[in-house]
Each structure stands twice: as structure tokens, then as C-alpha cells.
Amino acid sequence: QLVFYINSDTSPSNLYVHKLGSDSVKRLTNTGNPNILEENLVTGEVIRFKSFDGLLIPGILYKPKQATRQKVPALIFIHGGPGGQSRKGYSASIQHLVNNGYAIFKINNRGSRGYGKTFFHLDDKKHGDHDLKDVVYNKYYLQSLAWVDQERIGVMGGSYGGYLTMAAMAFTDEFKVGINIFGVTNWVRTLESIPPYWEAFRQSLYDELGDPSTDKARLHSISPVFFGHQVKQPVLVVQGENDPRVLKIESDEMVDSIRAGGTYVDYLVFSDEGHGFSKNTNRIEASYKYLSFLSTYL
């Protein structure tokens, strides 16, 4: 007998059993919330679109069921890293947004892992430029879809994805809203305050992003915290009080910088979180906050 797990876009991992030589597979568990029907959730489709320089950028598109009867707003979701990767599989936060009528494109912009070394290094010392253009061209791709509302497209992401979200809001006028979750906004401070347990990682960060002792001017120029006055559309910032990677003062300053320019920003701080969510209650609170923010501004 073969016993194995299957995880999908519409279900957390479930246990199955198969007797070798037979034609049947039996599902043994149902780990999802019993109040959620899997048929009401959405399976993502792997899509590739052309960016500004013709490079094919991969990602996963989730089309909400509401899109069969009306045009829907869309969000570009940017993973962390730099060098992370969005993949298929169950995500409660993504399905919650899709179920409420938002198209989601989980972009794997240049610099994402999983597509070879050349693709992985294409954003080295080009952050806030070539990777950001991938996000903008992702928007143009979404606008080409007949079921997407061309005027209602936002951007969101966590950690490095939060950085690109704020870069999109500060350095372009392309997006109606931004949701920055634990996002880096000051590369100078981040790279100058690498914690001791990152020491072995320091040189690779410098190789990819730049050494603050020699590349400070460029790092300053791509840090949204210094350009918050350029943000013209509403932003939601989410931050953990105890974050050791993105210090709370960084998000404090980002919020103050946006407000100084006269643009609306909502700020949600979790006193018992670090870099990312460790508590399900906080994850749920944040997900409802995303919805209330989006229903108002997108």
C-alpha cells in the first residue's frame, strides 16, 4: 500500500491511500474547515506574460467565480525574499480574497527562485527598477482580461513583497491601493543593521542589493520611506511590534511620510508578532482588515 498527502489550491493537505495494482485511491481525511465547501474555492492557473523587455514572467492567476457575471477588481500579490517564489497550494488568505470577488495574480517577478540561475540574478542591484517594471507590466496584462475592471487594480505583498508594494505606490501612479505587510522600506537601515545571526548571509545580500558603505546613494533612491510624499493612493500598512528584520520604526516612518504628503494610510500593528504571522487569530484579523480596506478604497 502507498500512503501519501495531496495539497491543492482548494484544500489543505489530506491523506490518501492506494493499493498497488488497483485502480482506486481512497481519501482518508478532510483537514479543511467543514463550513467551507471546496467547490466554492478557486484553482489557480499558471500564466506567463511579457514584461517591458520581452522577458516572460510567470505567476498564478486566481479568477473569482463572481467574474462570470461581472468585471472584478484585481490584486497583484508579491512574495517575500528577495528571491522567494509563489507556488500553487492552499492559502487561506488568498482564497478569502478570491472568495470575496478579488482576482489575484501571484507574480514571480525576475529574481524569483525556481526558474534557473539566470532568472534568479536578473534583479541583482536593479531592485525598485526592473522588478518593479515586472509588476507594472503585470497590471497591463490584467487590464487585457475582459473580466477584470481595468480601473480597479491594486498591489500587495509581505516582506520584500511589501517593499515592492510601497515602491509601486511611491514610484509609479499605476495602482489604486497598496497593502504593505511587514515590508522593508529603508534599504540603508536594513543593510546597515543586519543581525548577528545573518552574518553568513551578509555578503550574498550585499552582492544582490548593494553594500551600504559604497552604494548608499542608490539604496537611498530606491527606499520608499524617503518618498512617501509621492504616494497618491490609499495604503494599508501591517507591522509586527517585535519584528527583528523590519523594525517597527521603519513602518512608523513610512506611515508618517505618507501622511505628511496628505494621502490616507491605515496602520495595523500586532503587539505579539515578529516578521510574519505566528498566531492564527492575528492572521484572521489581518485578513478581515484587508477586506474592509479594499471594500472602501478598491
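Each chain has its residues counted from 1, following the order in which its sequence is written. In keeping with the predicted nature of the model, local features appear solely for residues at pLDDT of at least 70, side-chain atom pairs appear and are counted solely at 80 or more, and the whole-chain, interface and lining totals rest on all residues. Each side-chain value is worked out from all heavy atoms of the structure, with water and hydrogens disregarded.

1. Remarks on the packing of helix H1 (residues 92-99) against helix H9 (residues 280-297)
Part 1 of the reasoning: Comment: axis = line fitted to C-alpha atoms, over the contacting stretch for helices; angle = value between 0 and 180 degrees taken between N-to-C directions. Here a helix means four or more residues in a row that DSSP labels H or I, a strand means two or more in a row labelled E, and each is numbered from the N terminus. Direction vectors running N to C along H1 and H9 enclose 30°, while the axes themselves pass 10 Å from each other. The angle between H1 and H9 falls in the class roughly parallel. You can see that H1 and H9 cross each other, and the crossing is right-handed. Contacts between H1 and H9 pair Ser93, His96 and Leu97 from the former with Ser287, Tyr288, Tyr290, Leu291 and Leu294 from the latter.
Part 2 of the reasoning: Each residue receives one of three labels: charged for Asp, Glu, Lys and Arg, nonpolar for Ala, Val, Leu, Ile, Met, Phe, Trp, Tyr, Cys and Pro, and polar for the others, Gly being one of them. A breakdown of the residues in the contact of H1 with H9 according to their chemical character gives five nonpolar, three polar and no charged. Should an angle fall under 35 degrees it is taken as roughly parallel, and over 145 as roughly antiparallel, whereas 65 to 115 is taken as roughly perpendicular and any remaining angle as oblique. Helix crossings get a hand from a simple test, with the near helix turned counterclockwise from the far one by less than a right angle marking a left-handed crossing and a clockwise turn marking a right-handed one. In what follows, residue pairs with any heavy atoms lying within 4.5 Å of each other are defined as contacts.

2. Concerning empty space enclosed by the protein
Part 1 of the reasoning: Points on a 1 Å grid over protein atoms alone make up a cavity when a 1.4 Å probe fits among them but cannot get out, and a pocket when they form an open set with protein on both sides within 12 Å along at least five of seven lines; lining residues each have an atom within 4 Å of a point. Grid points are joined across faces, edges and corners, and a volume is the space filled by probe spheres set on the points. Under the criterion given, the structure shown has two cavities of 30 Å³ or more.
Part 2 of the reasoning: Size it by volume and the largest cavity reaches roughly 40 Å³.
Part 3 of the reasoning: Lining the largest cavity are Thr190, Ser193, Ile194, Pro195, Trp198, Pro244 and Arg245.
Part 4 of the reasoning: In the lining of the largest cavity, the residues fall into four nonpolar, two polar and one charged.
Part 5 of the reasoning: Considering only enclosed or pocket space, the second largest cavity measures out at about 30 Å³ in volume.
Part 6 of the reasoning: Every residue lining the second largest cavity is listed: Asp9, Tyr62, Gly89, Ser91, Ile94, Gln95 and Lys106.
Part 7 of the reasoning: Looking at the lining of the second largest cavity residue by residue, the class counts come to two nonpolar, three polar and two charged.

3. What to know about the sheet that holds strand E6 (residues 72-78)
Part 1 of the reasoning: For two strands to be treated as a pair, DSSP must find at least two bridges joining them. Pairing is mixed in the open sheet, where eight strands are placed in the order E4-E5-E7-E6-E8-E9-E10-E11. In this open sheet, the two strands that pair with only one neighbour each are strand E4 (45-50) and strand E11 (265-270). Averaged over all neighbouring strand pairs, the angle between strand axes comes to 20°, with direction disregarded.
Part 2 of the reasoning: Summarising the sheet, E6 and strand E7 (residues 103-107) pair through five bridges and their orientation is parallel. Within the sheet, the bridge partner assigned to Ala74 lies in E7 and is Ala103.
Part 3 of the reasoning: With respect to the sheet, H9 is in contact with E6, strand E8 (148-158), strand E9 (178-181), strand E10 (235-240) and E11, its orientation differing from that of E11 by roughly 175°.

4. Topic: the pattern of salt bridges
Part 1 of the reasoning: The salt bridge criterion pairs a side-chain nitrogen of Lys or Arg with a carboxyl oxygen of Asp or Glu, the two atoms within 4 Å. With the rule as written, the count across this model stands at twelve salt bridges.
Part 2 of the reasoning: Asp134 is the partner of Arg110 in a salt bridge, and the nearest nitrogen-oxygen pair spans 2.8 Å. In this pair, Arg110 sits in the loop between E7 and helix H2 (117-121) while Asp134 sits in helix H3 (residues 130-143), placing the two residues 24 residues apart along the sequence.
Part 3 of the reasoning: Residue classification places Arg110 among the buried positions, given a relative accessible area of 2%.
Part 4 of the reasoning: In this structure, a network of salt bridges that share partners links the residues Asp53, Arg110 and Asp134. The cut-offs for exposure are 20% and 50% of the maximum accessible area for each residue type, with area from a 1.4 Å probe on protein chains only; residues under the lower value are buried, those over the upper are exposed, and the others partly exposed.

5. Describing the packing of aromatic side chains
Part 1 of the reasoning: Aromatic contacts are taken between Phe, Tyr and Trp rings whose centres are within 6.5 Å, Trp giving its six-membered ring; a plane angle under 30 degrees counts as stacked, one over 60 as edge-to-face, and the others as tilted. Counting across every chain of the model gives 14 aromatic pairs.
Part 2 of the reasoning: Judged by centre distance (5.9 Å) and plane angle (10°), the rings of Phe4 and Tyr16 are stacked. Of this pair, Phe4 sits in strand E1 (residues 2-8) while Tyr16 sits in strand E2 (residues 11-18), and the two are twelve residues apart along the sequence.
Part 3 of the reasoning: Judged by its relative accessible area of 24%, Phe4 is partly exposed.
Part 4 of the reasoning: Three or more aromatic residues joined by ring pairs make a cluster, and in this case those are Phe49, Phe105 and Tyr141.

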